[in-house]
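A closer look at the structure
Residue strings, one per chain:
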Amino acid sequence: MPKIGILPSLLAADFGRLAEECRRAADAGADELHLDIMDGVFVRNISFGPEVVAMARRAAPELPRNVHLMVARPHEYVDAFADAGANTLLIHVEAPCDVAGTLRAIRARGVRAGLTLNPETPAALAAPYLRAGLVDEALCMTVHPGFGGQSFIAAALPNIRSLRAMASALDISVDGGIGDETAAACARAGANLFVAGTTLFRAPDMAAAVAALRASAEAARP
Ligand code: DX5
Ligand code: ZN
């Protein structure tokens, strides 16, 4: 199974001092920074755009940017986020776009291509893209996307198991309601990358919270 990684989600950071918050994540031992892009159409919330990704690159260049596009027309934004410094660009399989073409366009920019599934979306929908070798990371949402601080949806666990059965070396991430216990459940199912907003940015000691999440995932992995 691929390496375990811990990814703080900037959505839960203090927006009054975002650059310092990026540094805090890097200094706490995070592996990547997760940035949630919401357009108010694909999800019912609006977050931030490429400028914030570029800011994260300036503030903590050593921390790779894992960019989660919750937008209705992801294909129109590949260049903007690649230019801003995304290392991984994740689109939703449910987005009304040419999914294969968009994954190829992301790769063509030298960026890792990610495919995201909502909790109720069957893993089988991702299968053709995995088989075609177009996906570097599969993200299983463990909440309905749009807001931080929601409760983990255990019904998403079978998706993780199915994806792991399809691709033993694939990076499989989980996002939403992730804390020590839910990360363990996801690791047991086959996830290796753990996105957490509230659990990490709102912890009194972020380095300790990153270490605890990592230890919990490592202990539970098959
Ligand atoms: C939700 C976002 C998540 C969010 C997770 O739509 O994709 O990345 O920040 O927040 P927590 O960890 O607080 O559930
Ligand atoms: Zn996310």
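A brief look at the structure comes next. Every value quoted in this text rests on a predicted model; they were computed, and no experiment measured them.

**A closer look at the coordination of the zinc ion (ligand 2)**
All of the protein donors around the zinc ion (ligand 2) are His34 (NE2), Asp36 (OD), His68 (ND1) and Asp175 (OD); their distances to the metal are 2.0 to 2.3 Å. Of note is the zinc ion (ligand 2), whose six donor atoms meet at the metal with angles of 69 to 167 degrees in an arrangement that counts as octahedral. Taken in sequence order, the residues that donate to the zinc ion (ligand 2) follow the motif H-x1-D-x31-H-x106-D. On the criterion of sequence distance, the pair formed by His68 in strand β3 (residues 65-70) and Asp175 in strand β7 (residues 171-175) is long-range, its members being 107 residues apart. On the basis of relative accessibility, which here comes to 0%, the residue His68 falls in the buried class. For Asp175, a relative accessible area of 8% puts it in the buried group.

**Description of the side chain of Asn159**
Within the secondary structure layout, Asn159 lies in helix α6 (residues 157-166). Owing to a relative accessible area of 9%, Asn159 belongs among the buried residues under this scheme. If we ignore the near neighbours within four places in the chain, the residues touching Asn159 are Leu117, Asn118, Pro119, Thr121, Pro122, Ala123 and Cys140.

**Quick word on the layout of surface pockets**
In this structure, the largest pocket spans a volume of roughly 350 Å³. In terms of lining, the largest pocket is formed by 27 residues, of which the most central are Leu11, Phe147, Gly148, Gly149 and Gly197. Listed by contribution, the elements that provide at least two residues to the lining of the largest pocket are β2 (33-38), β3, β8 (193-196) and α8 (198-201). Residues that form the lining of the largest pocket fall into these classes: 12 nonpolar, 12 polar and three charged.

**Focus: the environment of Phe201**
By the element assignment, Phe201 lies in helix α8. Here Phe201 falls in the buried class, since its relative accessible area comes to 5%. Taking the C-alpha atoms as reference points, Phe201 and Arg131, separated by 70 residues in sequence, lie 36 Å from one another. Not counting the four nearest positions on each side in its chain, Phe201 is found in contact with Pro8, Ser9, Leu10, Ala12, Ala13, Glu21, Arg24, Ala25, Leu33 and Met206.

**A few points about the pattern of salt bridges**
Tallied over the full model, the rule gives 14 salt bridges. We note a salt bridge from Glu21 to Arg24, for which the minimum N-O separation is 2.7 Å. With Glu21 and Arg24 both in helix α1 (residues 18-27) and three residues apart, the pair spans about one turn of that helix. For Glu62, the salt bridge identified is with Arg23, shortest N-O distance 2.9 Å. Of this pair, Glu62 sits in the loop between α2 (50-59) and β3 while Arg23 sits in helix α1, placing them 39 residues apart in sequence. Several salt bridges converge on common partners, so that one network encompasses Asp14, Arg17, Glu20, Glu21 and Arg24.

About the thresholds
- Residues numbered from 1 in each chain as written.
- Chains lettered and ligands numbered in written order.
- Predicted model: local features only at pLDDT ≥ 70, side-chain atom pairs only at ≥ 80, totals over all residues.
- Heavy atoms only, no water.
- Donors = N, O, S within 2.8 Å, 3.2 Å for Na, K, Ca; no water.
- Tetrahedral: all angles 85-135°; square planar, octahedral: opposite > 155°, others 65-115°.
- Helix = DSSP H or I, 4+ residues; strand = E, 2+ residues; numbered from the N terminus.
- Buried < 20%, exposed > 50% of the residue type's maximum accessible area, 1.4 Å probe, protein only.
- Contact = heavy atoms within 4.5 Å.
- 1 Å grid on protein atoms, 1.4 Å probe; cavity = no way out; pocket = protein on both sides within 12 Å on 5 of 7 lines; lining within 4 Å.
- Points joined across faces, edges and corners; volume = space filled by probe spheres on them.
- Nonpolar A, V, L, I, M, F, W, Y, C, P; charged D, E, K, R; others polar.
- Salt bridge = Lys/Arg side-chain N within 4 Å of Asp/Glu carboxyl O.

Read these as layout, nothing more, since geometry by itself doesn't imply function.
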